Amino acid sequence: MSRIGVIGTGHIAMPIVRHLVAKGHEITVTERSARASAALANECGVAIADPQGVLDRSDIVLLSLRPQHARTVLSPLTFRPDHQIVSVMAGVTRARLETLCAPANDFVQTIPLGFVQHGGCPLAAFGNAALLADLFAPENPVVEVMSEAALNSHFAVCAMVPGLLDLMTTGANWLGERTGDPAAAEFYVTHLVSGFLASLEDGVADQLAHERDALATDGTLSLQMVETLRTGGARDALQDALHAIEQRLNG
């Protein structure tokens, strides 16, 4: 069991805390936001303290602040040399972390999605990947990367998920308008996609393209869909978004 402190208890931090509590760790969270921290205290029995109190009670510190708030919150704090730091703040560079958290010097950067609580969330890790694996694996696979630029590219792809959800929402709404049953339409779309993805094997290269081409053969409805999305610019728009997010993160 580790003593883990969480600074920043927003949308990303809450499922992380639930996962860590389920694994038996001792958790202290900051008061901000008050509603989230109170909910975690009632649900999971975590302790609540101010940011310095969180540091003083913890050996591992998870930073889950909005990037624009990182300096304001962290600069006044006194870190210890033995603190191990897990940052889930996309856009806060390793250099900034080293300055804000000095004299701590053991870092790992990652960013999960909310389903990390239930397992199956891949975690790209730059830095102490073994620390991240100790906390989140085997339920959530850790993918070690060798540079901050590579980490940022993974972050860009992570941001693709809400875009895909937006497309699924469009499809579900379209179906619901025609059937008159929006709940059943969303159920159908969700299980159609999740069931297909669950059938894929881990670690097989080019599997997505292979399955796409197996479905989108000459004269099929699937090919019509793929070609319409391509000619409509969906692929180009996705690549443009990935490049723009990557450039934003790389500064």
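Computed from a prediction, not measured in an experiment: that's the story for all the values here. (Residues numbered from 1 in each chain as written. Predicted model: local features only at pLDDT ≥ 70, side-chain atom pairs only at ≥ 80, totals over all residues. Heavy atoms only, no water.)

1. Focus on the overall build of the chain
- When its secondary structure is counted, the chain shows twelve helices and eight strands.
- For the C-alpha atoms alone, the extent of the chain along its principal axes is close to 65 × 40 × 30 Å.
- Counting every position in the chain, which comprises 251 residues, the buried fraction comes to 34%.
- Element-wise, carbon and sulfur atoms account for 57% of the exposed surface of the chain, whose accessible area totals about 14,100 Å².
- Averaged over its 16 positive side-chain charges, the chain has a centre that lies 8 Å from the centre of its 27 negative ones. (Helix = DSSP H or I, 4+ residues; strand = E, 2+ residues; numbered from the N terminus. Buried < 20%, exposed > 50% of the residue type's maximum accessible area, 1.4 Å probe, protein only. Areas by Shrake-Rupley, 256 points an atom, 1.4 Å probe, with all protein chains shown as cover. Lys, Arg positive; Asp, Glu negative; His and termini not counted. Charge placed at Lys NZ, Arg CZ, Asp CG, Glu CD.)

2. Regarding the sheet that holds strand β5 (residues 84-87)
- The strand order across the open sheet formed by eight strands is β3-β2-β1-β4-β5-β6-β7-β8, and the pairing between neighbours is mixed. Strands with a single pairing partner mark the edges of an open sheet, and in this sheet they are β3 (47-49) and β8 (142-144). Going across the sheet, the axis of each strand differs from the next one's by a mean of 25 degrees, ignoring polarity.
- Bridge count for strand β4 (residues 60-63) against β5 is four bridges, and the pairing is parallel. Bridge pairing in β5 links leucine 63 to serine 87.
- The strands that helix α1 (residues 13-22) touches are β1 (3-7), β2 (26-30) and β4; relative to β2, the one it contacts most, it runs at about 160 degrees. (Pairing = 2+ DSSP bridges. Axes fitted to C-alpha atoms, helices over the stretch in contact; angles between N-to-C directions. Contact = heavy atoms within 4.5 Å.)

3. Concerning the environment of aspartate 82
- Within the secondary structure, aspartate 82 sits in the loop between α4 (70-74) and β5.
- With 152 residues separating them along the chain, aspartate 82 and alanine 234 place their C-alpha atoms 48 Å apart.
- At 2.9 Å, the side chain of aspartate 82 forms a polar contact with the side chain of arginine 80. (Polar contact = N/O pair within 3.5 Å; in protein donor to acceptor, adjacent residues only side chain to side chain.)

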